[in-house]
There are 2 protein chains.
Amino acid sequence: MSEKDHSHDHAHHSHAEAKHRFLERLKGQGFKLTGKRQMIVSILLAEDRYISAKELLEQMQKTFPRLSFDTVYRNLHLLKVEGLIEESTFGDGGSKYRIACDTHDHHHHYICTLCGKTELVEGCPMDMLGITAPQGFKIESHRFEIFGQCADCHPV
Amino acid sequence: MSEKDHSHDHAHHSHAEAKHRFLERLKGQGFKLTGKRQMIVSILLAEDRYISAKELLEQMQKTFPRLSFDTVYRNLHLLKVEGLIEESTFGDGGSKYRIACDTHDHHHHYICTLCGKTELVEGCPMDMLGITAPQGFKIESHRFEIFGQCADCHPV
DNA sequence: ATCAATGCAAACCTTTTGCACGCGT
DNA sequence: ACGCGTGCAAAAGGTTTGCATTGAT
């Protein structure tokens, strides 16, 4: 087995591992592991980037021709509530979703606006900045994203 | 004239001043100063917070009963392209808009998710954080917003 | 008088929902 | 067998567009 094959095999292995972990979490909550649900997790893991509900639907329809948006959205909603995926609204035309970075608790992303690929940002502005909220302002959440084009997507 | 009246007058004065500045900028670009366009700028200045296209429409319909979404959106689009308003997508159900903070070049906001009111955040994470983009990632923009409830909107 | 702005209506796109049936447990 | 998950269809929002008319300059 060549080095190339080995790394490929390794990638597959960790993918399967991760998928198993995600599905176990759903199972533990009493949700059923349907074929479509598993495929959504598979695709999101394999893509490892932000993709739209439409992209997801189109990929899945190759296997499940009668699949429609409602099921995709219902599953995305479930996965989001369970904290297994992340949602963002960059670009035009609605939300995009990616598998949650389960190895890092709190994080922010560099996001490629062309392909949706992400990289982790070091640190969080809420820690680094001397954030002092206005009088009486109760902070509940924040959003920090850096947009641009990844090495694969821009010419030079 | 009482102090109260005076401050009220002052507020009106600076509002009118700001409105004039915004409208002049449109005029300079060759756009027509229609009543509806002026009213949108007026409302956004008076509100000084993020509001939805729907809120805008409803306020304006008191004066222009036949006004519909298309005109509101067309004007919002124009104002956005001209850099006179800012758009955000917090909460559910689409975009919200506020008059641009023309006195500050680059900035970020504390945003009240209940009323849309904003406060300026001191500093920008891109300056404060030791941002080092991944190999080959070409940074084009970023988004940083702190959400919560302002003093007026939460009980305690 | 000219050309942008508006009203109206319809289309578009993403996302959600009600209901009956099918499938994982 | 039970009850969640799914397909179908339709609706719900938000936003955009074509076209004829109105209105600012």
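Residues numbered from 1 in each chain as written. Chains lettered and ligands numbered in written order. Predicted model: local features only at pLDDT ≥ 70, side-chain atom pairs only at ≥ 80, totals over all residues. Heavy atoms only, no water.

Chain A carries the name Fur family transcriptional regulator in an unreviewed UniProt entry, which gives Tumebacillus lipolyticus as its organism. Taken verbatim from the UniProt record of chain A, the Subcellular location (unreviewed entry) comment is "Cytoplasm". UniProt annotates chain A under Sequence similarities (unreviewed entry) with the comment "Belongs to the Fur family." (UniProt positions renumbered as here; feature names shortened; annotations may be inferred.)

Caption draft 1: Just the side chain of Glu-145 of chain B, in detail. Positionally, Glu-145 of chain B belongs in strand 6 (residues 138-149). In this structure Glu-145 of chain B comes out as buried when scored by relative accessible area, which is 8%. Looking at Glu-145 of chain B, its side chain comes within polar contact range of the side chain of Arg-143 of chain A, at 2.8 Å. Within polar-contact distance, the side chain of Glu-145 of chain B engages the side chain of Ser-88 of chain B at 2.7 Å. Excluding residues within four positions of it along the chain, Glu-145 of chain B makes contact with Ser-141, His-142 and Arg-143 of chain A together with Ser-88, His-109 and Ile-111 of chain B. (Helix = DSSP H or I, 4+ residues; strand = E, 2+ residues; numbered from the N terminus. Buried < 20%, exposed > 50% of the residue type's maximum accessible area, 1.4 Å probe, protein only. Polar contact = N/O pair within 3.5 Å; in protein donor to acceptor, adjacent residues only side chain to side chain. Contact = heavy atoms within 4.5 Å.)

Caption draft 2: A look at the relation of the copies chain B and chain A. For the pair chain B and chain A, the superposition axis carries a translation of 0.0 Å, the fit reaches an RMSD of 0.1 Å, and the rotation angle comes to 180 degrees. Taken together, the rotation and translation relating the two chain copies correspond to the operation of a two-fold axis. Among all residues of chain B, the one whose C-alpha sits closest to the rotation axis is Phe-144 of chain B, at a distance of 2.2 Å. Most of the interface of chain B is mirrored in chain A, where 100% of its interface residues again form contacts. (Least-squares fit on C-alpha atoms with pLDDT ≥ 70 in both.)

Caption draft 3: The sheet that holds strand 4 (residues 108-112) of chain A, seen in detail. Read across the open sheet, the six strands follow the order 5(A)-4(A)-6(A)-6(B)-4(B)-5(B); overall the sheet is mixed. Looking along the sheet, the strands with just one partner apiece sit at the ends: strand 5 (118-121) of chain A together with strand 5 (118-120) of chain B. Neighbour-to-neighbour, the strand axes of this sheet turn through a mean angle of 25 degrees, independent of strand direction. As paired strands, strand 4 of chain A and strand 6 (residues 138-149) of chain A are joined by four bridges and run parallel to one another. From the neighbouring strand, His-109 of chain A faces strand 6 of chain A, where its bridge partner is Glu-145 of chain A. (Pairing = 2+ DSSP bridges. Axes fitted to C-alpha atoms, helices over the stretch in contact; angles between N-to-C directions.)

Caption draft 4: The arrangement of the protein's contact with DNA strand D in detail. The local shell around DNA strand D holds 20 residues, among which Lys-32, Lys-36, Arg-37 and Asp-70 of chain A together with Tyr-73 of chain B are the closest. Restricting attention to atoms of DNA strand D within 4 Å of the protein, one finds that 62% of them are sugar or phosphate atoms. Between DNA strand D and Thr-34 of chain A, the relevant distance is 2.9 Å, taken from a phosphate oxygen to a side-chain nitrogen or oxygen of the residue. Between DNA strand D and Arg-74 of chain B there is a distance of 3.4 Å, counted from a base oxygen to a side-chain nitrogen or oxygen. Within the residue set of the surface near DNA strand D, elements represented by two or more residues are helix 2 (35-47) and helix 4 (69-81) of chain A together with helix 4 (69-81) of chain B. For the surface near DNA strand D, the class distribution of residues is five nonpolar, six polar and nine charged. (Near = heavy atom within 4 Å. Nonpolar A, V, L, I, M, F, W, Y, C, P; charged D, E, K, R; others polar.)

Caption draft 5: Quick peek at the interface of chain B and chain A. The interface of chain B with chain A comprises 38 residues on the first partner and 38 residues on the second. Summed over both sides, the interface between chain B and chain A buries roughly 3,000 Å², with carbon and sulfur atoms accounting for 61% of that surface. Interface area lost by chain B to chain A is led by Tyr-110, Phe-137 and Arg-143 of chain B, which between them contribute 24%. The interface formed by chain B and chain A includes two salt bridges. Note that Arg-143 of chain A and Glu-145 of chain B form a salt bridge whose closest N and O atoms lie 2.8 Å from each other. On the surface where chain B and chain A come into contact, there are 17 residue pairs in polar contact (both at pLDDT 80 or more). Counting residues per element, the ones that place at least two in the side of chain B that touches chain A are strand 4 (109-112), helix 5 (125-128) and strand 6 of chain B. The class makeup of the residues in the side of chain B that touches chain A is 20 nonpolar, twelve polar and six charged. In this sheet, strand 6 of chain B lies alongside strand 6 of chain A in antiparallel orientation, the contact comprising eleven bridges. Note that in strand 6 of chain B the partner of His-142 of chain A across the bridge is Ile-146 of chain B. (Buried area = accessible area lost by both parts, 1.4 Å probe. Salt bridge = Lys/Arg side-chain N within 4 Å of Asp/Glu carboxyl O.)

Caption draft 6: Fine view of the packing of helix 2 of chain A against helix 3 (residues 53-61) of chain A. Residues and elements named next belong to chain A. Packing of helix 2 against helix 3 leaves a shortest axis separation of 11 Å and a crossing angle of 115 degrees. Where helix 2 crosses over helix 3, the two elements pack in a sense that is right-handed. Contacts from Lys-36, Met-39, Ile-40, Ile-43, Leu-44 and Glu-47 in helix 2 reach Leu-56, Gln-59 and Met-60 in helix 3. Tallied by class, residues from the contact of helix 2 with helix 3 come to six nonpolar, one polar and two charged. (Left-handed = near helix turned anticlockwise from the far one by under 90°.)

Caption draft 7: Just the pairing of strand 4 of chain B, in detail. Residues and elements named next belong to chain B. By the alternation rule, side chains of strand 4 split into His-109 and Ile-111 and Tyr-110 and Cys-112, which are all buried. By the bridge criterion, three bridges tie strand 4 to strand 5 in an arrangement that is antiparallel. Bridge pairing in strand 5 places Ile-111 opposite Thr-118. Here strand 4 hands over to strand 5 after five residues, with Gly-116 in that stretch at a positive phi of 85 degrees. Where strand 4 meets strand 6, four bridges bridge the pair, whose relative direction is parallel. Pairing of Ile-111 across the sheet is with Phe-147, part of strand 6.

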